[in-house]
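Fold and contact review
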Amino acid sequence: RSDVTQFPLSFDSLKFDVQYVRNEENKQGSKSHAAQISSMSSDSSSNWFGSKSLAKSESEHNMTTSQTQNHDIEGTVVITAKATHKNADIISPFVIDPIIAVQSWNYMYPDDAIQTDPTNIMLAALDDYKTKPSEKTSMEIISGCSKGSSFTGFVHVLQQESSSSDETAESFCR
């Protein structure tokens with residue numbers, strides 16, 4: 001009876017950003033550079049992707065710390081891209097089986113189980129309406145979702161030191 005349908009709820013969008021973060025030498029070492037990069041990356045995604053961005057930021061911090069400890073990093077180019085997709089997946093029509101709904105409630109709240117005998121149904125209909133709905137126990141049901149995508153890329157610039165000599169191969173051979 002219920003189907004998942006595509007519904008144009010929003011609009012397609014794309015936000016793209018590229019920044020260079022220089023690895024400044026200080027007493028904190030590689031962790032300072034990693035913290036600056038993961039902070040910049042999490043700032044760009046936390047409003048969009050909520051709690052998942054925290055795990056993403058932690059992973060980026062650990063990866064950058066590892067790279068700066070194992071290599072002489074001069075700086076890092078951070079590339080971020082975020083996209084929203086206009087179509088949301090909506091359950092429509094949203095039909096709930098009352099028996100399954102009561103069973104789900106009773107499973108979630110065994111101390112506040114719904115009794116289905118006629119007397120308790122009548123008492124439930126005459127429930128206390130003075131209590132705000134936001135203060136009552138509730139069962140939240142997801143009826144759809146919108147989607148987004150993100151990408152974060154790093155280009156670590158290695159520091160290379162070289163010295164040059166005025167000698168060439170020709171003068172060396174003489």
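Above this text sits the structure in question.
Residues numbered from 1 in each chain as written. Predicted model: local features only at pLDDT ≥ 70, side-chain atom pairs only at ≥ 80, totals over all residues. Heavy atoms only, no water.

Comments concerning the overall build of the chain
When its secondary structure is counted, the chain shows five helices and six strands. Along the chain direction, N to C, the helices and strands of the chain fall in the order β-β-α-α-β-β-α-α-β-β-α. Residues counted as buried form 18% of the 174 residues belonging to the chain. The contacts in the chain between residues at least 6 apart in sequence include a share of 86% that link residues at least 24 apart. Here the chain displays about 13300 Å² of accessible surface, and carbon together with sulfur accounts for 54% of that area. (Helix = DSSP H or I, 4+ residues; strand = E, 2+ residues; numbered from the N terminus. Buried < 20%, exposed > 50% of the residue type's maximum accessible area, 1.4 Å probe, protein only. Contact = heavy atoms within 4.5 Å. Areas by Shrake-Rupley, 256 points an atom, 1.4 Å probe, with all protein chains shown as cover.)

A few points about a nonpolar patch on the surface
A surface patch of nonpolar side chains, amounting to about 240 Å² of accessible area, comprises Tyr20, Val155 and Val157. As for its placement among the helices and strands, tyrosine 20 is situated in strand E2 (residues 13-22). (Patch = residues over 30% accessible without salt bridge, like charges linked within 9 Å, V, L, I, M, F, W, Y side chains within 5 Å. Salt bridge = Lys/Arg side-chain N within 4 Å of Asp/Glu carboxyl O.)

Comments concerning the sheet that holds strand E3 (residues 73-84)
With antiparallel pairing, the three strands of this open sheet are ordered in space as E2-E3-E6. Two strands lie at the open edges of the sheet, namely E2 and strand E6 (148-158), each paired on one side alone. On average, each strand axis in the sheet is tilted by 10° relative to the strand beside it, whichever way the strands run. Relative to E6, E3 runs antiparallel, the two being bridged by eleven bridges. Within the sheet, the bridge partner assigned to isoleucine 73 lies in E6 and is leucine 158. (Pairing = 2+ DSSP bridges. Axes fitted to C-alpha atoms, helices over the stretch in contact; angles between N-to-C directions.)

A short note on the pattern of salt bridges
For side chains of opposite charge, pairing can occur when their charged atoms come near one another. Within this structure, the stated rule accounts for one salt bridge. Residue lysine 147 pairs with aspartate 89 through a salt bridge whose shortest N-O separation is 2.7 Å. A residue pair is termed long-range when its members are at least 10 positions apart, and lysine 147 in the loop between strand E5 (144-145) and E6 and aspartate 89 in strand E4 (residues 87-92) qualify at 58 residues. Its relative accessible area of 43% is what places lysine 147 among the partly exposed residues.

Regarding the layout of surface pockets
The gaps of empty space that remain are located by a probe, the size of a water molecule, rolled over the atoms. The calculated volume of the largest pocket comes to roughly 330 Å³. Forming the boundary of the largest pocket are Trp105, Asp112, Ala113, Ile114, Gln115, Asn120, Ala124, Asp127, Thr137 and Met139. Per-class residue counts for the lining of the largest pocket are five nonpolar, three polar and two charged. If you add up the space inside the second largest pocket, you get close to 160 Å³. (1 Å grid on protein atoms, 1.4 Å probe; cavity = no way out; pocket = protein on both sides within 12 Å on 5 of 7 lines; lining within 4 Å. Points joined across faces, edges and corners; volume = space filled by probe spheres on them. Nonpolar A, V, L, I, M, F, W, Y, C, P; charged D, E, K, R; others polar.)

A word on the packing of aromatic side chains
Taken as a whole and assessed by the stated rule, the structure comprises one aromatic pair. Seen from their ring centres, tryptophan 105 and tyrosine 109 are 4.7 Å apart, and the 50° between their planes marks the pair as tilted. The buried category is assigned to tryptophan 105, whose relative accessible area is 12%. Residue class for tyrosine 109 comes out partly exposed when judged on its relative accessible area of 23%. (Phe/Tyr/Trp six-rings, centres within 6.5 Å; stacked < 30°, edge-to-face > 60°.)

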